[in-house]
Every structure is written in C-alpha cells, then in structure tokens.
Amino acid sequence: MPSNQSSIVSKCTEVLDILANAGRPLSFTDIQQRSGMVKSSTHRILAVLTSEGLAEQDARTKAYRLGPRLIGWALTAWRSTDLLQIAEPELEALAEASGCNVALAIRDEESVLFLRTLDRFPVRYAAKVGEHAPLHCTAVGKAMIAFMAEDERRRLLAGLTFERYTEHTLLEPAALEADLATVRERGFALCDREEFLQICGVAAPLWDSQRQVAAAVCLWMPIDRKDMASLQGFADALLAACQGISLRLGQPTS
C-alpha cells in the first residue's frame, strides 16, 4: 500500500477510535484536539468517513458520532460470534448423529456466507468458512429466503441473477417461488444437485428473538454416499437441532 494511502487509513482508524471511546458525539474541535491533526487533515478524514457511512454528523449540533455502516459491521460480527458459540454443540451433535457434513450460514445481501463447516467427508468443492454461495440453488439459501416477508422476498428475487450451475438449477423467480412455498409447508429446504451435480443437501432455518430468520443449518453429502432420499431421513433431527439453537437465540415459544 502506498505511504499516502497508509497514512489516510491510519488517520481514519485513529478518528474512529476517538469517536468509539468518547461515549458521546464530538465536535470538530474536540476531534482535532484529541487527534493532534491540523484542521485541513481533520476535515479531509471526517469527509472520507462520513461519505463511507463510517461516521455521521448531526444536522443540528454538527457533532460527529460513529456511522451506521460501522455500527452494522460491529453488530454483524457480534451476532455471528454469538451465533457460532450457541450453535456449535448442536452442530457437532448433528454431524455425529447423521454422519453427514454440516454447514451453518447466514444471508449476506444476495448470497450465502458460511460461518461454520463440519466436513466428515471432505471434497474439493466443499464450501469453506468465509466463502459465499448463491441463494437460489443452495439448501441454506432457500431455507432463509423462503421465510422472508413476501414483499421483501419478491424484491430480492426480482434482483437476483439466476446463474445456471447444473441442469437442475432453477432459473426463474416463479419456479423458485413454487419451491419456496413447499419449503414453508414442510419446514426445510432441499438442494438436489442444483449447485453441484455431485451434491445434495437439506437445510432448515434458525429463528431469533424477533421471529426473524437469523441463519440456516444444512446437512449435505456427495450423492455417491447419501442420496436425496437418505438425507431427507435426517430432516427431523435437523429440525430438532435448529429448534434447540433457535430457542437459545431467543426465539419466542408462543
């Protein structure tokens, strides 16, 4: 990284630290004095931070505070860490009882983001932690979007790129909507060779305290070890595990 860019990043980080530790909104003068930067540099750094949503300025008081984008990052990181800690025992027990590979994922805009994978039968195309996958042709993706509010789901599907991965991939919003209706009826989603011809999976959602889908858990295997019918035989165990995790996430019981 060029030295001038490194300097800007360091100064941005310093100002964010100042805002985070202040406990209250700060004026321009407060920030300048605490950072030791000259006025022109302080203006430039605050302009960068506010333009990126990492800081924001109160229209009335002109004071600065942490921005919504940064707060969103922090909340996502906190929730992900908390979710992993809560889900880990159930995921391990589910992998042991089923003999299947297990994955935990959240929705990241228009894709799936994997937070945890337990691979009893590793394969080269298995998702790794931190990797993304499509929503429309994965069991975890379907399990999450099936239970979204109808208007939100339709907006999402209208903007999705329905890329073909195999001959079994659903390529139209109407076809996926029909599949999602079945997901809502039975409580779990299926992926039958839709992303990879060698893979099938079954997934169910996790619910939070606001009755919103927080994530999804998937059981998956290469079809030469377990076919779709065999995987569906573990649906009850999957649903029970997801219910246990959801209750610990605060899902209301009534």
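A brief structural summary. The model shown is predicted, which means the values in this text are computed figures rather than measured ones. (Residues numbered from 1 in each chain as written. Predicted model: local features only at pLDDT ≥ 70, side-chain atom pairs only at ≥ 80, totals over all residues. Heavy atoms only, no water.)

A few points about the sheet that holds strand β3 (residues 101-108)
As a reminder of what qualifies: Think of it this way: DSSP has to see at least two bridges between two strands before they count as a pair. Each helix is a run of DSSP H or I of at least 4 residues and each strand a run of E of at least 2, with the numbering of both proceeding from the N terminus. The axes used here are C-alpha line fits, helices contributing only the stretch in contact, and every angle between their N-to-C directions lies in the interval 0 to 180 degrees. Residues count as neighbours in contact if any of their non-hydrogen atoms are within 4.5 Å of one another.
Here six strands make up an open sheet; going across it, the order is β5-β4-β3-β8-β7-β6 and the pairing antiparallel. On the outer flanks of this sheet lie β5 (132-134) and β6 (189-192), each paired with one strand and no other. The sheet shows a mean angle of 35° between the axes of neighbouring strands, direction not considered. Where β3 lies against strand β4 (residues 111-118), seven bridges are found, and the strand directions are antiparallel. Of the residues in β4, the one forming a bridge with Ala105 is Phe114. Its contacts with the sheet put helix α9 (residues 235-248) on β7 (199-207) and β8 (213-222), and the angle it makes with β7 is roughly 30°.

Concerning unusual backbone geometry
Within the chain, Glu109 stands out as a residue other than glycine whose phi angle is a positive 55°. By the secondary structure assignment, Glu109 is in the loop between β3 and β4.

Regarding the layout of surface pockets
How we decide: In this analysis a 1.4 Å probe is tested at points of a 1 Å grid over the protein atoms alone, and where it fits but cannot get out there is a cavity; an open set with protein on both sides within 12 Å along at least five of seven lines is a pocket; lining residues have an atom within 4 Å of a point. Grid points are joined across faces, edges and corners, and a volume is the space filled by probe spheres set on the points. The nonpolar class holds Ala, Val, Leu, Ile, Met, Phe, Trp, Tyr, Cys and Pro. Asp, Glu, Lys and Arg form the charged class, and all remaining residues, Gly among them, are polar.
Considered as a void within the structure, the second largest pocket measures approximately 330 Å³ in volume. Around the second largest pocket sit 21 residues that line it, and Phe114, Ala127, Thr138, Glu195 and Phe196 are the ones nearest its centre. Secondary-structure elements contributing two or more residues to the lining of the second largest pocket are β4, β5, α5 (139-145), β7 and β8. Its residues placed into classes, the lining of the second largest pocket shows 14 nonpolar, four polar and three charged.

Quick look at the packing of helix α2 (residues 28-35) against helix α3 (residues 39-51)
The condition that has to hold: We call two directions roughly parallel when the angle between them is under 35 degrees, roughly antiparallel when it is over 145, roughly perpendicular when it lies between 65 and 115, and oblique otherwise. Crossing handedness follows the turn of the near helix against the far one: under a right angle anticlockwise gives a left-handed crossing, and clockwise gives a right-handed one.
In contact at an axis separation of 10 Å, α2 and α3 are set at 110° when each is read in the N-to-C sense. Here α2 lies roughly perpendicular to α3, going by the angle between them. When the axes of α2 and α3 are compared, the crossing they make is right-handed. Between α2 and α3, the contacting residues are Phe28, Ile31, Gln32 and Ser35 on the first element and Lys39, Thr42, His43 and Leu46 on the second. Considering only residue class, the contact of α2 with α3 consists of three nonpolar, four polar and one charged.

Some details on the side chain of Asp58
Selection rule: Pairing of N or O atoms within 3.5 Å defines a polar contact, subject to two protein rules: one partner must be a possible hydrogen donor and the other a possible acceptor, and residues neighboring in sequence count only if both atoms are side-chain atoms.
In this structure, Asp58 sits in the loop between β1 (55-57) and β2 (64-66). A distance of 2.8 Å separates the side chain of Asp58 from the backbone nitrogen of Arg60, its partner in a polar contact. Ignoring anything within four residues of it in the chain, the contact list for Asp58 reads Ala63 and Arg65.

Overview of the pattern of salt bridges
Going by this rule: In what follows, salt bridge is the name for a side-chain nitrogen of Lys or Arg lying within 4 Å of a carboxyl oxygen of Asp or Glu. Exposure classes here rest on a 1.4 Å probe applied to the protein chains alone. A residue is buried below 20% of its type maximum, exposed above 50%, and partly exposed in between.
Applying the stated criterion to the full structure yields 15 salt bridges. Across the pair Glu88 and Arg116 runs a salt bridge, and its minimum N-O distance is 2.9 Å. With Glu88 in helix α4 (residues 68-98) and Arg116 in strand β4, this pair connects stretches of sequence that are 28 residues apart. Measuring nitrogen to oxygen at the nearest pair gives 2.8 Å for the salt bridge that ties Glu194 to Lys142. In this pair, Glu194 is assigned in the loop between β6 and β7 and Lys142 in helix α5, connecting sequence segments 52 residues apart. As far as burial versus exposure is concerned, Glu194 and Lys142 are alike and both buried. One network of salt bridges, in which partners are shared, links Glu150, Arg153, Arg154 and Glu177.

Quick look at the pairing of β6
Of the strand pairs in this sheet, β6 and β7 are connected by four bridges, and their pairing is antiparallel. Within β7, the residue paired with Cys191 across the bridge is Gly201.

What to know about the side chain of Glu194
Residue classification places Glu194 among the buried positions, given a relative accessible area of 7%. Leaving out residues up to four positions away in the same chain, Glu194 has contacts with His136, Cys137, Lys142, Tyr165, Thr166, His168, Thr169 and Leu170.

Things to note about the environment of Ala235
Looking at where Ala235 falls in the secondary structure, it is placed in helix α9. The spatial distance from the C-alpha of Ala235 to the C-alpha of Glu56 is 47 Å, given a sequence separation of 179 residues.

Let's talk about the state of the cysteines
The line we're drawing: Disulfides are defined as pairs of cysteine sulfur atoms found within 2.5 Å of each other.
Applying the stated rule across the entire model yields zero disulfides. In this structure Cys100 is not part of a disulfide, and its nearest cysteine sulfur, from Cys200, lies 8.7 Å away. Relative accessible area serves as the criterion here: at 0%, Cys100 is assigned to the buried category. Between Cys191, a free cysteine, and Cys137, which holds the nearest cysteine sulfur, the sulfur-to-sulfur gap is 6.4 Å.

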